Amino acid sequence: KDLPKTESALDVKQVYADNCAMCHESGVAPAAGDKDGWSAIVAKGMDKVYANGINGTDSGMPPKGGSSISDADFKLVVDYVVNGK
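Position numbers for residues start from 1 in each chain and track the written sequence from start to end. Selection of residues for local features in this predicted model requires a pLDDT of at least 70, selection of side-chain atom pairs for listing and counting requires 80 or more, and totals for whole chains, interfaces and linings are taken over all residues. Hydrogens and waters are ignored; side-chain quantities use all the structure's heavy atoms.

1. Quick notes on the overall build of the chain
Helix and strand assignments follow DSSP, with helices taken as H or I runs no shorter than four residues and strands as E runs no shorter than two, numbered in order from the N terminus. From N to C terminus, the chain includes five helices and zero strands. Listed by position from the N terminus, the elements making up the chain come as α-α-α-α-α. Only protein chains enter the area calculation, which uses a 1.4 Å probe; residues under 20% of their type maximum are buried, those over 50% are exposed, and those in between are partly exposed. Within the chain, the proportion of its 85 residues that are buried is 26%. Using a 1.4 Å probe, accessible areas were evaluated by the Shrake-Rupley method; residue-level cover was limited to the displayed protein chains. Per element, the accessible surface of the chain, about 5,800 Å² overall, is 52% carbon and sulfur. None of His or the chain ends enter the tally, which takes Lys and Arg as positive and Asp and Glu as negative. Taken as the charge centre is NZ of Lys, CZ of Arg, CG of Asp or CD of Glu, depending on the residue. Averaging the positions of the 9 positive and the 12 negative side-chain charges in the chain gives two centres separated by 5 Å.

This is how it looks when you write it as structure tokens:
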């Protein structure tokens, strides 16, 4: 028998609100969907953006924004933050 297909129950907007918005909406880091704010960061490549988010940065980004979600789910949140959708 084939198992039913499942979809991720991850609510990226909620994860963003709970773990990311405090910095990304206060001007500390580019806000969700801020194309100008993200352009220089994204220019380094999305692999670098994902790695910085997952591992954290010396400039204050905590690993995975302080969340405990999987790396794959965190990448979905990063996509939301960068693209605003």
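Back to the write-up after that little detour.
2. With respect to the packing of aromatic side chains
Stacked, tilted and edge-to-face are the three classes applied to pairs of Phe, Tyr and Trp rings, where Trp contributes its six-membered ring and a pair requires centres within 6.5 Å; stacked means planes under 30 degrees apart, edge-to-face means over 60, and tilted covers the rest. For the coordinates displayed, the defined rule picks out one aromatic pair. Between tyrosine 16 and tyrosine 80, the ring centres sit 5.5 Å apart and the planes meet at 70 degrees, which makes this aromatic pair edge-to-face. Highlighted residues: tyrosine 16 in helix H1 (residues 12-19) and tyrosine 80 in helix H5 (residues 71-83), separated in sequence by 64 residues. Taking the relative accessible area as the measure of exposure, tyrosine 80 reaches 13% and is therefore buried.

3. Examining unusual backbone geometry
One non-glycine residue, lysine 64, adopts positive backbone phi at about 50 degrees. Exposure remark for lysine 64: the relative accessible area of 17% places this residue in the buried category.

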